[in-house]
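Fold and geometry: a report
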Amino acid sequence: MLILIALLLLASVVMIPLARRAGLGAVLGYLMAGVAIGPWGLALITDADAILHFAEFGVILLLFVIGLELKPSRLWELRKPVFGLGGAQVLFTALAIGGIAMLLGQGWQRAVVIGFALALSSTAMVLQTLAESNQLTDRHGRDGLAVLLFQDISVIPMLAILPLLAGEAGKVETGPFLTAVAAIVSLILVGRKVLHPVFGWIATLGNRETFTAAALLVVVGATLLMEAVGLSASLGAFLAGVVLADSQYRHELEADLEPFKGLLLGLFFMA
């Protein structure tokens with residue numbers, strides 16, 4: 001394990017400065033580091049999947065920290081770009097890719113699935129690229145975040161119509177959809193009523209480690225809740241961040257989780 005950690009740290013220490021000097025950014029540096037030491041490079045690490053499953057938590061922490069920077073009032077201001085711009089991106093991209101799939105001989109059902117699947121983006125890749133260049137607060141950065149939020153939400157109806165596309169008429173159920181909506185509403189309401197006083201109480205203890213542990217517990221709990229109802233884990237982390245965005249402990253939470261987020265996100269890209 002120590003050798004594995006040393007290899008990952010060495011690869012990042014060498015490749016990240018080289019990538020930045022070349023103007024490529026940290027994300028491409030991590031990717032190149034992973035290629036260099038991975039199974040198809042020097043083969044110093046052969047089980048990339050094991051690292052990836054653990055490192056995906058870095059993406060979840062990234063979404064939580066971004067949520068902390070978006071107060072509910074600001075999130076409400078994003079409703080038009082989320083459903084307008086985000087909806088247009090998913091719809092028109094899916095139509096274009098689905099049309100190409102049909103031209104290549106796929107049936108319309110498969111073309112729809114391919115179109116919608118490839119209309120989705122890598123949240124981690126886009127947001128990390130915007131964050132490291134300080135563009136998240138710019139107009140295009142906010143629009144990019146809006147599109148990514150709609151993509152996470154759009155997974156719900158996509159999964160709901162799959163039985164119809166498979167020819168299983170009458171098997172589209174409203175139960176999973178209503179359960180997902182109830183989980184989101186519960187997370188928001190319970191978070192606002194419970195989390196704020198809980199963190200206030202923990203702050204009075206004066207124990208920094210307990211505060212950090214509680215922050216990680218909130219992220220993991222929100223993630224487990226969303227996964228239990230078939231939603232994106234990153235969506236749960238983002239919503240948990242938004243719930244705590246107007247808390248007086250927002251900056252402390254962000255400072256505590258930033259080291260975990262940075263290391264795990266870099267590990268994710270290398271894996």
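Everything in this summary refers to the structure shown in the same document.

What counts and how
- Residues numbered from 1 in each chain as written.
- Predicted model: local features only at pLDDT ≥ 70, side-chain atom pairs only at ≥ 80, totals over all residues.
- Heavy atoms only, no water.
- Helix = DSSP H or I, 4+ residues; strand = E, 2+ residues; numbered from the N terminus.
- Buried < 20%, exposed > 50% of the residue type's maximum accessible area, 1.4 Å probe, protein only.
- Polar contact = N/O pair within 3.5 Å; in protein donor to acceptor, adjacent residues only side chain to side chain.
- Contact = heavy atoms within 4.5 Å.
- Salt bridge = Lys/Arg side-chain N within 4 Å of Asp/Glu carboxyl O.
- Axes fitted to C-alpha atoms, helices over the stretch in contact; angles between N-to-C directions.
- Parallel < 35°, antiparallel > 145°, perpendicular 65-115°, else oblique.
- Nonpolar A, V, L, I, M, F, W, Y, C, P; charged D, E, K, R; others polar.

**Notes on the side chain of Asp-256**
As for its placement among the helices and strands, Asp-256 is situated in helix H13 (residues 250–270). We classify Asp-256 as buried; its relative accessible area is 8%. Polar side-chain contacts of Asp-256 include one of 2.6 Å to the side chain of Arg-208. For Asp-256, the residues in contact, after removing those within four places along its chain, are Arg-208, Phe-211 and Thr-212.

**Notes on the pattern of salt bridges**
Counting across every chain of the model gives four salt bridges. The closest approach of N and O atoms between Asp-256 and Arg-208, which form a salt bridge, is 2.6 Å. Placement of Asp-256 in helix H13 and of Arg-208 in helix H11 (residues 208–228) is noted, with a sequence separation of 48 residues between them. What makes Arg-208 partly exposed here is its relative accessible area of 43%. Glu-258 is the salt-bridge partner of Lys-261, the closest N and O atoms lying 2.9 Å from each other. Here Glu-258 and Lys-261 lie together in helix H13, a separation of three residues that amounts to about one turn. Accessibility expressed as a relative area gives 10% for Lys-261, which makes it buried. A relative accessible area of 33% places Glu-258 in the partly exposed class.

**A closer look at the packing of helix H2 (residues 26–37) against helix H8 (residues 123–132)**
The geometry of H2 relative to H8 is characterised by a closest axis approach of 9 Å and an angle of 125° between their N-to-C directions. Put simply, H2 runs oblique to H8. Residues Ala-26, Val-27 and Leu-31 of H2 form the contact with H8, whose own contacting residues are Met-125, Gln-128, Thr-129 and Glu-132. When grouped by side-chain class, the residues that make up the contact of H2 with H8 number four nonpolar, two polar and one charged.

Such coordinate-based values are descriptive only and should not be taken to indicate function.
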